[in-house]
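# Examination of the molecular architecture
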Amino acid sequence: MTTATTLRHRHLLGIRDLEPGEIDLILETALAMKEVGARPIKKVPTLRGRTVVNLFFEPSTRTRMSFELAEKRLSADTLGMTTAGSSVVKGETLGDTARTIEAMAPDMIVMRHASSGAPHQLARVCRASIINAGDGTHEHPTQALLDAFTIRERKGTLAGVRVAIIGDLIHSRVLRSNVWLLTKMGASVIACAPATLMPPGLRELGVAVTYDIDEAVKGADVIMMLRVQHERMHGLFLPSAREYFTYFGLTPARMERAAADAIVMHPGPMNRGVEIDSDVADGPWSVILDQVANGVAVRMAVLYLLAGGEGEG
Ligand code: CP
């Protein structure tokens, strides 16, 4: 694989659209951005004079704050909008909201939306670069990139690393982006969920499938726990949270089956006592807060590269 020198697309809508060399370029650029975050003055003038709009139509702590921090560290002018404080509550459509924001000529728009494909719709009507910050159950590309950065930081490579992804997979945009990324970069992936929460078609993407958490964890280098997304469940997917934890919760006892130097990841927010035991979430295996910290560097890299990889400093 050869590292790309630029990104081929103006937008970051999903990992599916990226080539391995482009993923490598983002991860390498994020390394340099992480160094900026370690300085006493954590700011460079790279995006001075550029305007970035953060549109969050769904709740977010990590993604929204780390994008804002990334934009500020690159000296961009930033504006934020959430559903509650906008004319969306008066019934304004996504199309009209997009055209209104477009009229103010931002350079980039970061968007989270409950509907899969909403950022793609924005990309069709806006001149700005669109960054998908999570769309419905479709993709969450910057989450997969920061996960990959964290795995590379700990394991030195993605190629050949054994990754178990466990949880509510059917509702997970994090799963989808990670499957695209990890398989493109040569990792081996096993997915584990109850039958009601397992999406179809994973085997066709090169992912092994099991319904037994002990099989998934056995020999894993990386265990990625995904949240039970109660807010997206409009039917009876689980008997109870207690039963889910019994059969699919990650506990210290289950960690004994993993590789000796295994790491545990979770994109957050966590349901402690449902998909993960607190002794694992806060234990020696956990890199969950490293993921949060790396999110800033990775989002700086994405903003910088979509701006053309140019700018001051
Ligand atoms: N991982 C993630 O997307 O978290 P937030 O919903 O807090 O942004």
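### Digging into the overall build of the chain
For the chain, the helix and strand inventory stands at eleven helices and nine strands. Its C-alpha radius of gyration of 19 Å places the chain within 12% of the 20 Å reference for a compact globule of 313 residues. By principal-axis analysis of the C-alpha atoms, the chain measures approximately 55 × 45 × 35 Å. Counting every position in the chain, which comprises 313 residues, the buried fraction comes to 55%. Look at the contacts in the chain between residues 6 or more apart in sequence, and 72% of them connect residues 24 or more apart. Roughly 13400 Å² of accessible area belongs to the chain as shown, and the carbon and sulfur atoms make up 53% of that amount. Positive and negative side-chain charges of the chain, numbering 34 and 35 respectively, have mean locations separated by a distance of 3 Å.

### So, the pattern of salt bridges
What the rule picks out here adds up to 16 salt bridges. We note a salt bridge from arginine 8 to glutamate 22, for which the minimum N-O separation is 3.2 Å. Of this pair, arginine 8 sits in the segment before helix 1 (20-37) while glutamate 22 sits in helix 1, and the two are 14 residues apart along the sequence. Since its relative accessible area comes to 47%, arginine 8 is described here as partly exposed. Across the pair arginine 257 and aspartate 214 runs a salt bridge whose closest N-O atoms are separated by 3.7 Å. Taken together, the positions of arginine 257 in the loop between helix 9 (252-255) and strand 9 (263-265) and aspartate 214 in helix 7 (residues 213-217) put the pair 43 residues apart, joining distant regions of the chain. Arginine 257 gets classed as partly exposed once you look at its relative accessible area, which sits at 43%. Through salt bridges with shared partners, one network takes in Arg8, Glu19 and Glu22.

### Notes on the site of the ligand
If you check the shell around the ligand, you find Ser60, Thr61, Arg62, Thr63, Arg112, His140, Gln143, Pro267 and Gly268 and nothing else. Between the ligand and threonine 61, the relevant distance is 2.9 Å, taken from an oxygen atom to a main-chain nitrogen or oxygen of the residue. In the model, a nitrogen atom of the ligand is placed 3.0 Å from a nitrogen or oxygen of the glutamine 143 side chain. Burial of the ligand by the surrounding chains reaches 91%, relative to a free accessible area of 250 Å². Here the ligand is seated within the largest pocket.

### A short note on the domain arrangement of the chain
Once the domains are mapped, the chain shows domain 1 (15-139 + 293-306) and domain 2 (141-287). Each of domain 1 and domain 2 was reduced to a C-alpha centroid, and the two centroids are 25 Å apart. In this complex, domain 1 contributes 31 residues to the contact, which on the side of domain 2 involves 26 residues. Across the domain 1 to domain 2 interface the summed buried area is about 2400 Å²; carbon plus sulfur atoms make up 62%. Interface area lost by domain 1 to domain 2 is led by Ile15, Leu27 and Thr137, which between them contribute 25%. One can count four salt bridges joining domain 1 with domain 2. Between glutamate 58 and arginine 173 there is a salt bridge whose closest N-O contact spans 3.0 Å. When contributions to the side of domain 1 that touches domain 2 are tallied by element, the ones reaching two or more residues are helix 1, helix 2 (62-73), strand 3 (108-113), strand 4 (129-135) and helix 11 (288-306). The dominant element in the side of domain 1 that touches domain 2, judged by the number of residues it contributes, is helix 1, at nine residues.

Thresholds, definitions, all that
Residues numbered from 1 in each chain as written. Predicted model: local features only at pLDDT ≥ 70, side-chain atom pairs only at ≥ 80, totals over all residues. Heavy atoms only, no water. Helix = DSSP H or I, 4+ residues; strand = E, 2+ residues; numbered from the N terminus. Rg over C-alpha atoms; globule rule 2.2 N^0.38 Å. Buried < 20%, exposed > 50% of the residue type's maximum accessible area, 1.4 Å probe, protein only. Contact = heavy atoms within 4.5 Å. Areas by Shrake-Rupley, 256 points an atom, 1.4 Å probe, with all protein chains shown as cover. Lys, Arg positive; Asp, Glu negative; His and termini not counted. Charge placed at Lys NZ, Arg CZ, Asp CG, Glu CD. Salt bridge = Lys/Arg side-chain N within 4 Å of Asp/Glu carboxyl O. Near = heavy atom within 4 Å. Polar contact = N/O pair within 3.5 Å; in protein donor to acceptor, adjacent residues only side chain to side chain. 1 Å grid on protein atoms, 1.4 Å probe; cavity = no way out; pocket = protein on both sides within 12 Å on 5 of 7 lines; lining within 4 Å. Sits in = over half its atoms within 2 Å of the grid points. Domains from an automatic or database assignment. Buried area = accessible area lost by both parts, 1.4 Å probe.

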